[in-house]
Amino acid sequence: MAEQYEIRRFQPAAKDDPAYPESVAWMRAVAFGFHDARRSDERVDKGIEMQRTDGRVMTGVYQTGPVADHALGPDVPVATFGTMTKTLNIGFGRLLDTRLVTAVTVRTSHRRRGLLRRMMAEELGLAQREGLAMAALTASEASIYGRFGYGVATSEQSIKLDTGARFVLNHTPAGSVEVADPKVLLELAPVIFDRLHRLTPGSIDRHEFYRQFASGTISRDDGEDPKVKVALHYGPDGEVDGYVSYKFGGWASTPYTMEVVDLVAATRHAYLELWQYLGAIDLVERVTWDEAPVDDPLPWALADPRCVDASEARDMLWLRILDVPQALAARHYPADGKLLLKVADPLGLTGGTFALDVNEGAAVVTEADGAGVDLELDVAALSSIYLGGVHPVTLAASGRIREQTPGAAFLAARMFAVERPPHCLTHF
Ligand SMILES: CC(C)(COP(=O)(O)OP(=O)(O)OC[C@H]1O[C@@H](n2cnc3c(N)ncnc32)[C@H](O)[C@@H]1OP(=O)(O)O)[C@@H](O)C(=O)NCCC(=O)NCCS
């Protein structure tokens, strides 16, 4: 296998760079892997420009041996892997640099030969050597990434909100909502998102795509999306502290539906008042949102919580601790305590036994010998409980955590808790 392929890692090139076609071929291979329609040259250019803004690195696997006649040439990667580094909110306002993994594809005719395993092992090792304590991804299938030490840390769900006669939201507005030209989000979206990001455990800082997408400047596969509309929320001080970007589902299907494209609210008032706005839009009877938190204030604020029809609760953010002592020491803990954790790592990056000793919220983490272990778990389970969004007692009940000291899982739940339910609004 090693003789047939080589892995090349490069930054997306500028359009006038002779290496530009390599970036184009990589982008087209990713789109192929996700079954996307062939994009226009302009949309690919735009995609590469955004990748450059994000500081992404493109990794491709290339055939080195003979390539079949008439098949795609050796310049087109048979496997792709993209990375960038952004911050993750790990609770209590702390932001941790995290290696984001994205654009993972392996061409069908080259799958199950270990290419994903090879790229993943190399890239995670590289991130660890660069000093990063955490990696993250969002997964197309939930069965792929556990074996590499990733664990689910946040979830999301789809909601359908009935905005007919029974829609009453119990909240006295503190601010106001106004409709705006969608393009204002090119400037405002990153500023508002930054406020939400600093307040929300589990949040990943956003890449360039989002402001372009929320403002209708691009769509997923193409250029401008003329359907996108935008409303802004103004706080009592007149500052914009929230926005919703949305579009109409069309007159062909009933109930007439407004689809939320992106909803970012930096205050609790902004969140509820943007929903009041959405609920008040005439001629539609339903609003849908596919990125709603599982632990959502919205139904609690409604006179009839059953106006919200929630479905498809699913894994969203997967975390992978790359350095246990560094990751544990980075967190603030709302409860003091001591835990001896025996952590297994399938890739051999950061396994071992670690003493977590928290005093007044600050952790001291030391490597220990194996005696007196409280919790035995693999790095995926530790990554799952790290953000406080997955309950250690549940993982113990499932067998993912072995509780050697009675009560240790509940102690871990108290120590790893965060100030509000984690939620990640950034897909990558
Ligand atoms: C998922 C994908 C990247 C796997 O690539 P691959 O090169 O065939 O994977 P490997 O040969 O390195 O396999 C690595 C391991 O993962 C397992 N695996 C790979 N894909 C899997 C899947 N879809 N479901 C379950 N297990 C999977 C393999 O069985 C293997 O297990 P083992 O090493 O424990 O024996 C590839 O099938 C693909 O491109 N799929 C479409 C795009 C996609 O889903 N990308 C993921 C985006 S998040």
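Within each chain, residue numbers correspond to sequence positions counted from 1 in written order. Only residues with pLDDT of at least 70 get local features here, since the model is predicted, and only at 80 or more are side-chain atom pairs given and counted; chain-wide, interface and lining totals rely on the full set of residues.

**Thoughts on the site of the ligand**
Selection criterion: A molecule or strand has a residue near it when that residue's C-beta atom, placed from backbone coordinates, lies within 6 Å of it. For the purposes of this entry, the term helix denotes a DSSP run of H or I that reaches at least four residues, the term strand denotes a run of E that reaches at least two, and both are numbered from the N terminus. Each residue gets one of three labels, nonpolar for Ala, Val, Leu, Ile, Met, Phe, Trp, Tyr, Cys and Pro, charged for Asp, Glu, Lys and Arg, and polar for the others, Gly among them.
Around the ligand there are 17 residues in total, and V106, R111, L116, R117 and S140 lie nearest to it. Listing elements by their share of the shell around the ligand, those giving two or more residues are β4 (95–106) and α3 (115–129). Classifying every residue of the shell around the ligand gives 6 nonpolar, 5 polar and 6 charged.

**Considering helix α11 (residues 408–416)**
Let me state the cut-off plainly: Neighbour density around each residue's C-beta defines its exposure: 20 or more other C-beta atoms within 10 Å make it buried, 12 or fewer make it exposed, and counts between make it partly exposed, where C-beta atoms are placed from the backbone. As used here, the arc is the angular range of directions from the helix axis to the C-beta atoms. For every residue pair, C-beta atoms are placed from the backbone, and the pair is scored as a contact if these atoms sit within 7 Å.
Among the residues of α11, those classed as buried are A408, A409, A412, M415 and F416. The buried residues of α11 occupy an angular sector of 120° when projected down its axis, which confines them to one face. On the buried face of α11, the contacting elements are β15 (337–344), β16 (352–359), β18 (375–378), α9 (379–385), α10 (392–398) and β19 (401–403).

**Let's talk about the pairing of strand β14 (residues 318–321)**
This is how it is decided: At least two DSSP bridges between two strands are required for those strands to pair.
Side chains of β14 alternate between two faces, with W318 and R320 and L319 and I321 buried alike. The pairing of strand β5 (residues 134–137) with β14 spans 4 bridges and is classified as antiparallel. By the bridge assignment, M134 is partnered in β14 with I321.

**A few points about the pairing of β5**
Selection criterion: Looking down the strands as they point away from the viewer, one classifies a crossover as right-handed if the path from the first strand across the helix to the second runs clockwise.
Of the two faces of β5, the one carrying M134 and A136 and the one carrying A135 and L137 are both buried. Relative to β5, β4 runs parallel, the two being bridged by 2 bridges. The residue bridging R99 from the neighbouring strand is A135, located in β5. Each parallel crossover has a hand, and the one from β4 via α3 to β5 is right-handed.

**Here we look at the sheet that holds strand β13 (residues 308–315)**
Short version of the rule: Axis definition: a line fitted to C-alpha atoms, over the contacting stretch in the case of helices. Angles run 0 to 180 degrees between N-to-C directions.
Strands sit in the order β8-β9-β10-β11-β12-β7-β13 across an open sheet of 7 strands; the sheet is mixed. Each edge of the open sheet carries a strand with a single partner, namely β8 (176–180) and β13. Each neighbouring strand pair of the sheet contributes to a mean axis angle of 25°, computed without reference to strand direction. Here strand β7 (residues 155–162) runs beside strand β12 (residues 286–293); their pairing, made up of 6 bridges, is antiparallel. Along β12, the bridge assignment pairs I159 with W289.

**Notes on unusual backbone geometry**
Residue P255 is bonded to the preceding T254 through a cis peptide linkage, with omega at -10°. Positive phi is not limited to glycine here, since F92 has a value of about 55°. With respect to the secondary-structure elements, F92 resides in the loop between β3 (79–89) and β4. Not every positive phi belongs to a glycine, and E360 is a case in point at roughly 50°.

**Here's the deal with the domain arrangement of the chain**
Put simply, the test is: Segmentation into domains, and thus their bounds, comes from an automatic or database assignment.
Once the domains are mapped, the chain shows domain 1 (5–132), domain 2 (156–313) and domain 3 (318–416). The C-alpha centroid of domain 2 is placed 31 Å from the C-alpha centroid of domain 1. With 18 residues of domain 1 at the contact, the number on the domain 2 side is 16 residues. Of all the secondary structure elements, the ones that give two or more residues to the side of domain 1 that touches domain 2 are α2 (41–54) and β3. Residue composition of the side of domain 1 that touches domain 2, grouped by class: 6 nonpolar, 5 polar and 7 charged.

**Side note on the packing of helix α1 (residues 20–33) against α2**
The geometry of a pair of packed helices is captured by two quantities: the angle between their axes and the separation between those axes. This is how the line gets drawn: Each angle receives one of four descriptions, namely roughly parallel if under 35 degrees, roughly antiparallel if over 145, roughly perpendicular if within 65 to 115, and oblique otherwise.
Running from N to C, α1 and α2 cross one another at 100°; their axes reach a closest spacing of 10 Å. By the criterion of interaxial angle, the relationship of α1 to α2 is roughly perpendicular. On α2, the residues that touch S23, V24, M27 and R28 of α1 are V44, G47 and I48. The residue makeup of the contact of α1 with α2, split by class, is 4 nonpolar, 2 polar and 1 charged.

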